[in-house]
Amino acid sequence: MMATTNGPGLKEFAPDIVLVDGPMVRDFGFPFTTRMTIVRLSDGALWIDSPVPVAPDTLAQIQAWGPVRYLVAGTPRHVWRLRTWHRQFPDAELWVCRKQPARFRHLPWTGVLGPKAANPWASDLDYHVFQGSALLEEVCFFHAKSRTLIMNDLIQHHQKQAGKPLRNALLTWAGSSGARGDVPLDIRWSFRDRARARQSLAQLMSWDFERLVIAHGPCVEQGAKDVVMQAFRWLR
Ligand SMILES: [Fe+2]
C-alpha cells in the first residue's frame, strides 16, 4: 500500500491534466509543498511526473482515470519519489533525467530524457532539457492540447505566511517569493553557461503555452509566458 496523506485528491487543471498535491517535505530543513502532474495521453494511458504519496481513495481515482503507464522525474531532485510508485505499478515505464543521485541508479529505468534522446510521447508531449546549469538538468514538458508548460524545480513560488517573519525573510533572501514564481537563487547561481540557458529559455518560449505547472507553489492558469519571462529576467 502506498503512504497516505491528507491531501485533497485530484484537481483538474486543464484538458487531460490533473494535479495531486502531496504532503510537505523538508529539504535542508526548509518545508516544501509537493505536487504531481498526471497527463492522460491520447491513447488513454496515464503519464505521471514527480509522483507523490497519495491516499488509497485518491489512488483508486487515478486508476479509474486510466492505466498508469509512465512514471517520470523531470528533475533529479524528484527521482526518489518514483521508487514507491514503481512498487505499486511494476509494469509502468520509468523515465528519468540524465543527472540523478547514484543511490537510485539500480531502478529499472526504461529510458533517459536527454537533449538528443527520442521522445516516447511525441504525439502528446514535447520536451526540452534545460541547459546551462552545473547543478541540475531539468526536463521541461509542453502539452500542446492544453497549452501547458510543465516544470518542476526551476520556477518555484513559496508564498509568505502571516506570523512567520523568519521564514518569510529567508524566502525573500532565497529569491523564491516573487509575486507569481521565481527561479530560486541557488539554482540561478548554478547557471554558469548563460548563453546555453538563454537558448533553453528561447526554446520554452517558442512553445505556445498559456498555463504553467510547477511542483512547489501555485500553478498559473493564464498569462504563463509573462511569468516565465519574469522568473528568468536575470538571464537577460
Ligand atoms: Fe522539487
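Everything here concerns the structure above.
A brief structural summary. These numbers were taken from a predicted model, which means no experiment stands behind them.

So, about the pairing of strand S6 (residues 93-97). On a regular strand, one side chain projects to one face of the sheet and the next to the other, so that they alternate. In terms of burial, S6 is largely enclosed, as 4 of its 5 residues are buried. In terms of strand pairing, strand S5 (residues 68-73) meets S6 through 4 bridges, oriented parallel. Among the inter-strand pairings, Leu71 is bridged to a residue of S6, identified as Leu94. Of the crossover connections in this fold, the one passing from S5 over helix H2 (residues 82-88) to the parallel S6 is right-handed. Pairing geometry for S6 and strand S7 (residues 111-113), over 3 bridges, is parallel. Across the sheet, the residue bridging to Trp95 is Gly111, located in S7.

The next point concerns the sheet that holds strand S9 (residues 139-143). The 4 strands lie next to each other as S8-S9-S10-S11, forming an open sheet whose pairing is mixed. Across the chains shown, the open sheet's two edge strands, defined by having one partner strand only, are strand S8 (125-129) and strand S11 (211-213). Pairwise comparison of adjacent strand axes, ignoring direction, gives a mean angle of 20° for this sheet. For S8 and S9, the ladder comprises 5 bridges, and the chain directions are antiparallel. Bridge pairing links Tyr127 to Phe141 in S9.

What follows concerns the nonpolar core. With 56 residues, the main nonpolar core has Ile48, Leu149, Met151 and Leu212 as its most contacted residues. The element that contributes the greatest number of residues to this core is S5, accounting for 5 residues. The contact partners of Met151, leaving out residues within four places of it in the chain, are Glu138, Cys140, Leu212, Val213 and Ile214.

For the rest of this paragraph, the subject is unusual backbone geometry. For Asp16, which is not a glycine, the phi torsion comes out positive at approximately 65°. As for its placement among the helices and strands, Asp16 is situated in the loop between strand S1 (10-14) and strand S2 (17-27). On the basis of neighbour counts, which here come to 20 C-beta atoms within 10 Å, the residue Asp16 falls in the buried class. At Arg147, a position not held by glycine, the phi torsion is positive, near 50°. Inspection of the secondary structure puts Arg147 in the loop between S9 and strand S10 (148-150).

In this section: helix H5 (residues 194-206). With 13 residues, H5 should reach 18 Å at 1.5 Å per residue; the first-to-last C-alpha distance of 18 Å fits that figure. Check the buried side of H5 and you find it contacts S8, S9, S10 and helix H6 (224-231).

Rules used throughout
Residues numbered from 1 in each chain as written. Predicted model: local features only at pLDDT ≥ 70, side-chain atom pairs only at ≥ 80, totals over all residues. Buried ≥ 20, exposed ≤ 12 C-beta atoms within 10 Å, placed from the backbone. Helix = DSSP H or I, 4+ residues; strand = E, 2+ residues; numbered from the N terminus. Pairing = 2+ DSSP bridges. Right-handed = clockwise from strand over helix to strand, strands pointing away. Axes fitted to C-alpha atoms, helices over the stretch in contact; angles between N-to-C directions. Core = buried A, V, L, I, M, F, W, Y, C linked by C-beta atoms within 7 Å. Contact = placed C-beta atoms within 7 Å. Expected span 1.5 Å × (residues − 1).

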